[in-house]
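These are the residues of each chain, in order.
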Amino acid sequence: MSSSNGDCFIVLPANCDNGSLIIGRNAEDPESLGVSSEVCFYDVSDVLEGKVKEAETASFSTRSMTHHSCNLQTDGGASAEAGGEALRVILQKPQPGLWGGDFGANERGVVVGLTWAADENEAKDTDSLLGTDIVRLTLALAIDVDAAVDRIGALVASYANDTSKLNFVVCDSGAAWFVSCSGKVWAAEKLEASFLRLPSGGLAVTTVVNKSSESLDAAASFAAAHDAEAHAPAEDWCGPRPAGDGSYTQHDMFETLRAASNASSSRAATVSVLSGKGISCHWFTGTPNAAESVFKPFVFAPKPRISPLTQVQAESELTLLHKLHSQRKPAALEHLRSLEKSCVDELNNYFSLQDHASEELDELLKDCVEAEVKFYR
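Calculation criteria
- Chains are numbered independently. Their residues run from 1 in the order of the written sequence.
- Totals for whole chains, interfaces and linings use all residues, but because this is a predicted model, local features are given only for residues with pLDDT of at least 70 and pairs of side-chain atoms are given and counted only at 80 or more.
- No hydrogens and no water enter the side-chain calculation; it runs on all heavy atoms of the structure.
- Secondary structure elements follow DSSP: runs of H or I of four or more residues count as helices, runs of E of two or more count as strands, with numbering from the N terminus.
- Three exposure classes are used, based on accessible area relative to the maximum for each residue type with a 1.4 Å probe and protein chains only: buried under 20%, partly exposed in between, and exposed over 50%.
- Any two residues whose heavy atoms approach within 4.5 Å at even a single point are treated as in contact.
- Using the Shrake-Rupley algorithm and a 1.4 Å probe, accessible areas are obtained, with residue cover drawn only from the displayed protein chains.
- Here, the term nonpolar core denotes a set of buried Ala, Val, Leu, Ile, Met, Phe, Trp, Tyr and Cys residues that are joined through side-chain atoms within 4.5 Å.
- Criterion used throughout: strands pair if DSSP finds at least two bridges between them.
- Between N-to-C directions, angles cover 0 to 180 degrees, with each direction set by a line fitted to C-alpha atoms, over the stretch in contact for helices.
- Only one rule defines a salt bridge in this text: a Lys or Arg side-chain nitrogen within 4 Å of an Asp or Glu carboxyl oxygen.
- Orientation labels follow simple angle bins: below 35 degrees gives roughly parallel, above 145 gives roughly antiparallel, 65 to 115 gives roughly perpendicular, and whatever is left gives oblique.
- The nonpolar class holds Ala, Val, Leu, Ile, Met, Phe, Trp, Tyr, Cys and Pro. Asp, Glu, Lys and Arg form the charged class, and all remaining residues, Gly among them, are polar.
- pLDDT measures the predictor's confidence residue by residue and takes values from 0 up to 100.
- Expected span of a helix, by definition, is 1.5 Å for each gap between consecutive residues, and there is one gap fewer than residues.
- Pairing of N or O atoms within 3.5 Å defines a polar contact, subject to two protein rules: one partner must be a possible hydrogen donor and the other a possible acceptor, and residues neighboring in sequence count only if both atoms are side-chain atoms.

1. Here we look at the overall build of the protein
Working step 1: When you go through the protein residue by residue, the secondary structure sums to 7 helices and 16 strands.
Working step 2: In the protein, buried positions account for 58% of the 377 residues.
Working step 3: The contacts of the protein with a sequence gap of at least 6 include a subset with a gap of at least 24, amounting to 67%.
Working step 4: Entry remark: accessible area of the protein is about 15200 Å², with carbon and sulfur atoms responsible for 46%.

2. Remarks on the nonpolar core
Working step 1: By size, the foremost hydrophobic cluster in this structure holds 41 residues, and its most contacted members are Ile-10, Ile-90, Phe-178 and Phe-298.
Working step 2: Non-local contacts of Ile-10, meaning those with residues more than four positions away in its chain, are made with Leu-21, Ile-22, Ile-23, Val-169, Ala-176, Phe-178, Leu-191, Ser-194, Phe-195, Leu-196 and Trp-237.

3. Quick notes on helix H4 (residues 250–260)
Working step 1: Among the 11 residues in H4, 8 count as buried, and that is most of the element.
Working step 2: Against the buried residues of H4 lie strand S1 (6–11), strand S2 (21–28), strand S12 (195–198), strand S14 (266–274), strand S15 (281–284) and helix H6 (330–353).

4. Observations regarding the sheet that holds strand S3 (residues 38–42)
Working step 1: The strand order S3-S6-S7-S8-S9-S10-S11-S13 describes an open sheet built from 8 strands, whose pairing is antiparallel. Unpaired on one side and paired on the other, S3 and strand S13 (211–212) mark the two borders of the sheet.
Working step 2: Judged from the 3 bridges that link them, strand S7 (residues 103–106) and strand S8 (residues 111–118) form a sheet pairing that is antiparallel. Counted as the bridge partner of Ala-105 is Val-111 from S8.
Working step 3: In this fold helix H1 (residues 131–139) packs onto S3, strand S6 (89–93), S7, S8 and strand S9 (165–171), with an angle of close to 165 degrees to the strand it touches most, S8.

5. A word on the pattern of salt bridges
Working step 1: With the rule as written, the count across this model stands at 13 salt bridges.
Working step 2: Two residues, Asp-150 and Lys-211, come together in a salt bridge whose shortest N-O distance is 3.0 Å. With Asp-150 in helix H2 (residues 145–159) and Lys-211 in strand S13, this pair connects stretches of sequence that are 61 residues apart.
Working step 3: Between Glu-370 and Lys-366 there is a salt bridge, with the nearest N and O atoms lying 3.3 Å from each other. Taken together, the positions of Glu-370 and Lys-366, both in helix H7 (residues 364–374) and 4 residues apart, correspond to about one turn of that helix.
Working step 4: Look at Lys-366 and you get buried, because its relative accessible area is 14%.

6. Points about the environment of Val-47
Working step 1: Mapping Val-47 onto the fold places it in the loop between S3 and strand S4 (67–73).
Working step 2: Counting along the chain gives 92 residues from Val-47 to Leu-139, while the straight-line C-alpha distance between them is 9.1 Å.
Working step 3: Sequence-distant contacts of Val-47, that is, excluding residues within four places in its chain, are made with Tyr-42, Ala-86, Leu-87, Val-89, Trp-99, Arg-136 and Ala-140.

7. Digging into the pairing of S3
Working step 1: Counting buried positions over the 5 residues of S3 gives 5, a clear majority of the element.
Working step 2: Of the two faces of S3, both are covered, the one formed by Glu-38, Cys-40 and Tyr-42 as well as the one formed by Val-39 and Phe-41.

8. Side note on the sheet that holds strand S16 (residues 296–298)
Working step 1: Here we have 6 strands laid out as an open sheet, ordered S12-S1-S2-S14-S15-S16, and antiparallel in their pairing. Two strands in the sheet have a free side with no partner beyond their single neighbour: S12 and S16. For this sheet the average axis-to-axis angle between neighbouring strands, irrespective of direction, equals 15 degrees.
Working step 2: One ladder, built from 4 bridges, connects S1 with S12; its direction is antiparallel. Along S12, the bridge assignment pairs Cys-8 with Leu-198.
Working step 3: Where H6 meets the sheet, its contacts fall on S15 and S16, and the angle it forms with S15 comes to roughly 170 degrees.

9. Concerning the packing of H4 against H6
Working step 1: Contact geometry of H4 with H6 gives a least axis separation of 11 Å together with a crossing angle of 150 degrees. On the basis of their axis angle, the class for H4 and H6 is roughly antiparallel. For the pair H4 and H6, the contacting residues are Gln-250, His-251, Phe-254 and Arg-258 in the first and Arg-337, Glu-340, Val-344 and Asn-348 in the second.
Working step 2: Broken down by class, the residue content of the contact of H4 with H6 amounts to 2 nonpolar, 3 polar and 3 charged.

10. Here we look at the confidence of the model for the protein
Working step 1: Per-residue confidence for the protein gives a mean pLDDT of 89; residues scoring 70 or more make up 89%.
Working step 2: Confidence over residues 53–66 falls short of pLDDT 50; this stretch has 23 contacts with residues more than four positions distant or in other chains.

11. A short note on the side chain of Ser-265
Working step 1: By the secondary structure assignment, Ser-265 is in the loop between H4 and S14.
Working step 2: Residue Ser-265 is classed as buried on the basis of its relative accessible area of 13%.
Working step 3: Residues within four places of Ser-265 in sequence aside, it is in contact with Ala-27, Glu-28, Asp-29, Pro-30 and Leu-33.

12. With respect to H2
Working step 1: For H2, which comprises 15 residues, the first-to-last C-alpha distance of 21 Å matches the rise-based estimate of 21 Å (1.5 Å per residue) to within 8%.
Working step 2: By the N-cap criterion, in which a side-chain oxygen at the helix start approaches the backbone nitrogen of a residue two or three places on, H2 is capped by Asp-144, the distance to Asp-146 being 3.2 Å.

13. A closer look at the side chain of Arg-197
Working step 1: Along the polypeptide, Arg-197 turns up in strand S12.
Working step 2: Using a relative accessible area of 14% as the deciding quantity, one classes Arg-197 as buried.
Working step 3: Within the local environment of Arg-197, its side chain forms a polar contact with the backbone oxygen of Asp-236, the two atoms lying 2.7 Å apart.
Working step 4: Ignoring anything within four residues of it in the chain, the contact list for Arg-197 reads Asp-7, Cys-8, Phe-9, Glu-235, Asp-236, Trp-237, Cys-238 and Ala-260.

Here it is, written out as structure tokens:
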């Protein structure tokens, strides 16, 4: 099973252009560089549909409804109950065939990502939830960052495997939180620094605990108390550094992830620009190593359609995007970087004039992915 680890960079609104919050993530797993990451969109009608096991047939009475109150099957095996108004979700998956994902966003501008997941191989199909399951279940229902933190906590307390250790980052346009989990115990910290790198490799919450499981000993370091070896290591910022003057942009985050990427371990990269007063935009490479990839945008337009090239098709092990990217000619990247910059400029101009995404952006990600692969053929 591919790792769900990720190296995250978070920049709070005071540093960012137009008062947005920007989060970037490099997926990290040296053992899975040849495994495709998938990008999948889920409408309200299918975001909470469970997995179909073997010859079983899913039979949810709420299939065509936006209000879900049903039990659903997950990768961890738990039939978690999901109740509430479902939301549309864009989800990155660290390997084909997973139900959940390691990073994603919903139409309310909430982002949830995993920075670290450990001891989860034993948790699969054990009537528990994997970290990737929790990402999808949280995005499907959370209307803001506070609701997302509370939902992660509730899911962990009820369904997490006793051996698992998980670290999540959770954001909306106004705030960012870390949620560290050990078994069914969890603690959350609200980010106060104006920008921060949260590398993969351990639990992030230590002695500052703003929300937690009941009866948690707040006097002790959460990370130290639950695994002496599991505290996330400190790492320096990479690439363009936020200057504190409101000038940091999504392009700066692209370059930050490229500077931090490692050809021997870095997989797909993602960036979310979360706007409190306009259109939030989510950027995906869908291919390994941000330094050798380009970012493609997605917005929650009225009826989004994404390219099948970002998903593994029947009888294949790689997405076509990943396969063609691995066969690219060196000159292709220079041309694609130019297209990426033009795309950023055009979208920024659109966002400055519009406060909601119209149907002309329905196929934004699809068009950009298909334009990219033309350079690889």
